[in-house]
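# Structure at a glance
Residue strings, one per chain:
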Amino acid sequence: TYYFYKNVGAAPVPIFAGTIPFALFSIFQLYFAVITPALISGSFSERVRFPSYVVFVCLWFTLVYCPLAHITWHPEGLLRRWGVLDFAGGSVVHMSSGLSALVGSKILGPRVDDGRRHQPANIPFVILGTGLLWFGWIGFNAGSALAANELAVQAFLTTNAAAATCMVTWVLVDQVQGRKISAVSSCCGAVVGLVMITPACGFVTVGAAMCMGVVGGIVCNLVAQHFKRLDVDDTLDVFPCHGVGGITGMLLTGCFANQQVNSTILQGLFYGGDELIWKHIVAIIGLIAFICSMSFIIFKIVDFTLGLRVSEEDEMLGMDRAQHGEASGVSRMFLSRVRL
């Protein structure tokens, strides 16, 4: 057992990672665990109570994320032993966060229409954040090789190729549909490309990664645009980008997986193997059912005990002031305009 980091030290543990210290491996895994609930929060921002969100994260991490990480990445995990491929978190991180975001945004309901146009507050910060995210994502994906070796380099190359290709595809889809090419949409496309390639980055060629980027740019863009017409207020399009992107990426991993890239895996559908894609389809269906049902239960428990949503007055005031007693420059500027 490893309670309170007992027996977690500098010595590698071959069953998990024989190439790096066990403590380093655990810290690396914790980064995945930290980012996943943060992704969920983007779907219901501007209307959730902070204490309730903290309790939700604790419950969700324990009851949803940990089981998913175990069955997918542990050497004795159900999906890993069955041969399902997820190199760096397409199902564990992105499917789980996207589907939970969908459930949460539906339960909380849409934001109050207070006359504001919900637009990015600072586009240069969006671009800066996307660049930092892209850079860090390479660390997640290439780092999942757990060594500075050929597999890490392959994951680096495929990650970059998919992100760049999806970014270009996304803005081209916007153009075809009559929307203007913008910096924010370019950033959305890049993130979707990173999501798409996450489960496949250590299993596919660079050409396959580019194909996945094209598919992701088309599918997720169309879903995001259609989703806005539904009665679900997903503030930052977490479900269309991470949920749909994660599902599509897992499906395409079952198609593009190539034993010439990684000899330890089953061959993908496009290279003559049909076993892997069926395993991925079954796994995806099971994961969707588990993630949605558990997230629904957790949201309902938190809502019943603490209450999820802030009051309409607090929502109009803004979460910075209502929940934390502070305000950014953007918040102060908005409030001053309201007073005028």
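The present account deals with the structure reproduced in this document. Source: prediction; values computed, not measured. (Residues numbered from 1 in each chain as written. Predicted model: local features only at pLDDT ≥ 70, side-chain atom pairs only at ≥ 80, totals over all residues. Heavy atoms only, no water.)

## Remarks on the overall build of the protein chain
Scanning the protein chain from terminus to terminus reveals 14 helices and zero strands. The secondary structure elements of the protein chain, listed N-terminal to C-terminal, are α-α-α-α-α-α-α-α-α-α-α-α-α-α. At 20 Å, the protein chain has a C-alpha radius of gyration in line with the 20 Å of a compact globule built from 340 residues. Projected onto its principal axes, the C-alpha positions of the protein chain cover 65 × 55 × 35 Å. Sequence separation of 24 or more characterises 72% of the internal contacts of the protein chain that already satisfy a separation of 6 or more. (Helix = DSSP H or I, 4+ residues; strand = E, 2+ residues; numbered from the N terminus. Rg over C-alpha atoms; globule rule 2.2 N^0.38 Å. Contact = heavy atoms within 4.5 Å.)

## Quick look at the pattern of salt bridges
For the coordinates displayed, the defined rule picks out seven salt bridges. We note a salt bridge from R81 to E76, for which the minimum N-O separation is 3.5 Å. Since its relative accessible area comes to 61%, R81 is described here as exposed. Within this structure, E46, R47, R111 and D233 form a network of salt bridges that share partners. (Salt bridge = Lys/Arg side-chain N within 4 Å of Asp/Glu carboxyl O. Buried < 20%, exposed > 50% of the residue type's maximum accessible area, 1.4 Å probe, protein only.)

## Topic: the nonpolar core
Residues F56, Y65, I197 and V204 are the most contacted members of the largest nonpolar core, which totals 83 residues. Apart from residues no more than four positions distant in its own chain, V204 is found in contact with Q154, T158, I197, A209, F256, A257 and V261. (Core = buried A, V, L, I, M, F, W, Y, C linked by side-chain atoms within 4.5 Å.)

## Some remarks on the packing of aromatic side chains
Tallying each qualifying case throughout the model produces 16 aromatic pairs. On the basis of an interplanar angle of 90° and a centroid distance of 5.9 Å, the ring pair of F44 and F299 is categorised as edge-to-face. On the criterion of sequence distance, the pair formed by F44 in the loop between α2 (22-41) and α3 (50-73) and F299 in helix α11 (residues 275-305) is long-range, its members being 255 residues apart. With a relative accessible area of 1%, F299 lands in the buried category. Ring centres of F227 and F239 lie 5.5 Å apart, and the angle between their planes is 40°; on these two criteria the pair is classed as tilted. In this pair, F227 sits in helix α9 (residues 206-227) while F239 sits in helix α10 (residues 238-256), placing the two residues twelve residues apart along the sequence. In this pair, the class of F227 matches that of F239, namely buried. Here a set of aromatic residues connected by ring pairs shows up, and it is made of Y2, F16, F22 and F25. (Phe/Tyr/Trp six-rings, centres within 6.5 Å; stacked < 30°, edge-to-face > 60°.)

## A closer look at unusual backbone geometry
In this structure, N7 is a non-glycine residue whose phi angle is positive, near 65°. You can call N7 exposed: its relative accessible area is 57%. The phi dihedral of D237 falls on the positive side, at around 55°, and the residue is not glycine. Residue classification places D237 among the buried positions, given a relative accessible area of 17%.

## Topic: the environment of V173
Take V173: it is sitting in helix α7 (residues 150-176). Here V173 falls in the buried class, since its relative accessible area comes to 13%. When the C-alpha positions of V173 and A33 are compared, they lie 33 Å apart, and in sequence the two are 140 residues distant. Apart from the residues lying within four places of it in its own chain, the contact partners of V173 are R179, G217, I218, N221 and L222.

## Overview of the side chain of T158
Tracing the backbone shows T158 in helix α7. Taking the relative accessible area as the measure of exposure, T158 reaches 0% and is therefore buried.

## Side note on α2
The end-to-end C-alpha separation of α2 is 30 Å, in line with the 28 Å expected for 20 residues at 1.5 Å each. For α2, the full list of buried residues reads F22, F25, S26, F28, F32, A33, T36, P37, L39 and I40. Looking at the buried positions of α2, the neighbouring elements they touch are α1 (14-17), α3, α5 (90-108), α6 (123-143) and α10. (Expected span 1.5 Å × (residues − 1).)

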